[in-house]
Amino acid sequence: MAINLSNIKVQDWFQRQRNSIKPWSEFLNSKKFRPPKSVAIGGKRIISNVTNFQSNYLFVFLGLLIFCLLTSPILLIAMGACLGACYIINLKNADRKIVVMGKEISLVQQYAAVGVLSFPLFWIAGAGSAVFWVIGASLFCILLHASMFSGGDGEQDPFELEMESV
């Protein structure tokens, strides 16, 4: 079964994410950054901010991913070579099927060969460390923002006493 973008509703998901982006002025409002008063409040903040700013955090992740690719020229060349090989395979199979020693090679087998042959190139380029850097940097930035951003939803420590003036 061929995977089609309309089958898995990826386009709808991307459209919903684009529509739910909060304004960047609200996301980066420095007046709302303050440390939580307790661990319980910090946990509630993280949950509510990840829910509210999910699309913004997705763009933070994509920005860090692009930054990592652009600052690693060998990895960028490896990605270009792999994608170029896949594009050439796609072009070659549009005209006619590829036959090697009398056997027809399917499109899946050709893509698998590109993946196997590009693995050493990605290994040399340090793709594994780049992936873990992007994941770690994203988690750090997102959790830092989510724990420090106070949405002003009246968060209070449940054990803190409120003093009213009389």
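Residues numbered from 1 in each chain as written. Predicted model: local features only at pLDDT ≥ 70, side-chain atom pairs only at ≥ 80, totals over all residues. Heavy atoms only, no water.

**Considerations on the confidence of the model for the protein chain**
The condition is simple: For every residue, the pLDDT score states the predictor's confidence, bounded by 0 at the bottom and 100 at the top. The way it works is that DSSP assigns letters per residue, a run of H or I at least four long becomes a helix, a run of E at least two long becomes a strand, and they are numbered from the N terminus.
Mean pLDDT for the protein chain: 85, with 88% of residues reaching 70 or above. Of all helices and strands in the protein chain, the one with the weakest mean pLDDT is strand E1 (residues 98-100) (80), whereas helix H7 (residues 127-148) scores best (93).

**Quick look at a nonpolar patch on the surface**
The cut-off we apply is this: A patch is a set of surface residues, each over 30% in relative accessible area and not in a salt bridge, joined within 9 Å for like charges and within 5 Å for the nonpolar side chains Val, Leu, Ile, Met, Phe, Trp and Tyr. Every accessible area reported is derived by Shrake-Rupley at a probe size of 1.4 Å, with residue values counting cover from the shown protein chains alone. The term salt bridge refers to a side-chain nitrogen of Lys or Arg lying within 4 Å of a carboxyl oxygen of Asp or Glu.
Taken together, the side chains of Trp 24, Leu 28, Phe 59, Phe 61, Leu 62 and Leu 65 make up a nonpolar region of the molecular surface, amounting to roughly 520 Å² of accessible area. Here the element with the most residues in the nonpolar patch is helix H4 (residues 54-70); it accounts for four residues. The residue Leu 62 is located in helix H4 in this model.

**Description of the nonpolar core**
Under the convention used in this document: By convention a nonpolar core is built from buried Ala, Val, Leu, Ile, Met, Phe, Trp, Tyr and Cys residues, the set being connected through side-chain atoms within 4.5 Å. The classification of residues rests on relative accessible area computed with a 1.4 Å probe and restricted to protein chains. Under 20% of the type maximum is buried, over 50% is exposed, and intermediate values are partly exposed. Throughout, a residue-residue contact means that at least one pair of heavy atoms, one from each residue, lies within 4.5 Å.
Cys 68, Leu 75, Ala 78, Cys 82, Ile 89, Val 114, Phe 122, Ala 125, Ala 127, Ala 130 and Val 134 form the largest nonpolar core, which has 11 residues in total. Going through the elements one at a time, helix H5 (73-95), helix H6 (107-125) and H7 are the ones with two or more residues in this core. In terms of residue count, the dominant contributor to this core is H5 (four residues). Apart from the residues lying within four places of it in its own chain, the contact partners of Cys 68 are Ala 130, Trp 133 and Val 134. Core analysis: the second largest hydrophobic core is formed by six residues, Phe 27, Phe 53, Tyr 57 and Phe 149 among them.

**Considerations on the packing of aromatic side chains**
Geometrically, a pair of aromatic rings is defined through the distance of the ring centres and the angle of the planes. Operational definition: Two aromatic rings from Phe, Tyr or Trp, using only the six-membered ring of Trp, form a pair when their centres are within 6.5 Å; if the ring planes differ by under 30 degrees the pair is stacked, by over 60 it is edge-to-face, and anything between is tilted.
Going through the model one piece at a time under the given rule, you end up with eight aromatic pairs. On the basis of an interplanar angle of 70 degrees and a centroid distance of 5.3 Å, the ring pair of Phe 27 and Phe 53 is categorised as edge-to-face. One end of the pair, Phe 27, is in helix H2 (residues 24-27); the other, Phe 53, is in the loop between helix H3 (39-52) and H4, and 26 residues separate them in sequence. Phe 53 carries the same exposure label as Phe 27, and that label is buried. An angle of 70 degrees between the planes, with centres 5.5 Å apart, marks the rings of Phe 27 and Tyr 57 as edge-to-face. Taken together, the residues Phe 27 in helix H2 and Tyr 57 in helix H4 connect sequence positions 30 residues apart.

**Structural notes on the side chain of Asn 49**
On the secondary structure map, Asn 49 appears in helix H3. When residues no more than four places from it in sequence are discounted, the contact partners of Asn 49 are Gln 54, Tyr 57, His 145, Ala 146 and Phe 149.

**Some thoughts on the packing of H3 against H7**
The condition that has to hold: Note on method: axes are straight lines fitted to C-alpha atoms, helices fitted across the in-contact stretch only, with angles between N-to-C directions ranging 0 to 180 degrees. What sets the label is the angle itself: under 35 degrees gives roughly parallel, over 145 gives roughly antiparallel, 65 to 115 gives roughly perpendicular, and the rest give oblique. Crossings are classed by handedness, with left-handed meaning an anticlockwise turn of the near helix from the far one by less than a right angle and right-handed meaning a clockwise turn. Under this grouping Gly is polar, as are all residues other than the nonpolar Ala, Val, Leu, Ile, Met, Phe, Trp, Tyr, Cys and Pro and the charged Asp, Glu, Lys and Arg.
Interhelical geometry of H3 versus H7 gives an angle of 110 degrees and a closest axis separation of 7 Å. Viewed along their axes, H3 and H7 adopt a mutual orientation that is roughly perpendicular. Crossing geometry of H3 relative to H7 is assigned as right-handed. Between H3 and H7, the contacting residues are Arg 45, Ile 46, Asn 49 and Val 50 on the first element and Leu 143, His 145, Ala 146, Ser 147 and Met 148 on the second. Its residues placed into classes, the contact of H3 with H7 shows five nonpolar, three polar and one charged.

**What to know about the environment of Arg 34**
Stated precisely, the cut-off is as follows: Whenever two N or O atoms come within 3.5 Å, that pair is a polar contact, provided that in protein one can donate a hydrogen and the other can accept it, and provided that, for residues adjacent in sequence, both atoms are side-chain atoms.
Positionally, Arg 34 belongs in the loop between H2 and H3. Residues Arg 34 and Met 148, spaced 114 residues apart in sequence, show a C-alpha to C-alpha distance of 5.3 Å. Discounting chain neighbours no more than four positions away, the residues touching Arg 34 are Arg 45, Ser 147, Met 148 and Ser 150. At 3.5 Å, the side chain of Arg 34 forms a polar contact with the backbone oxygen of Lys 31.

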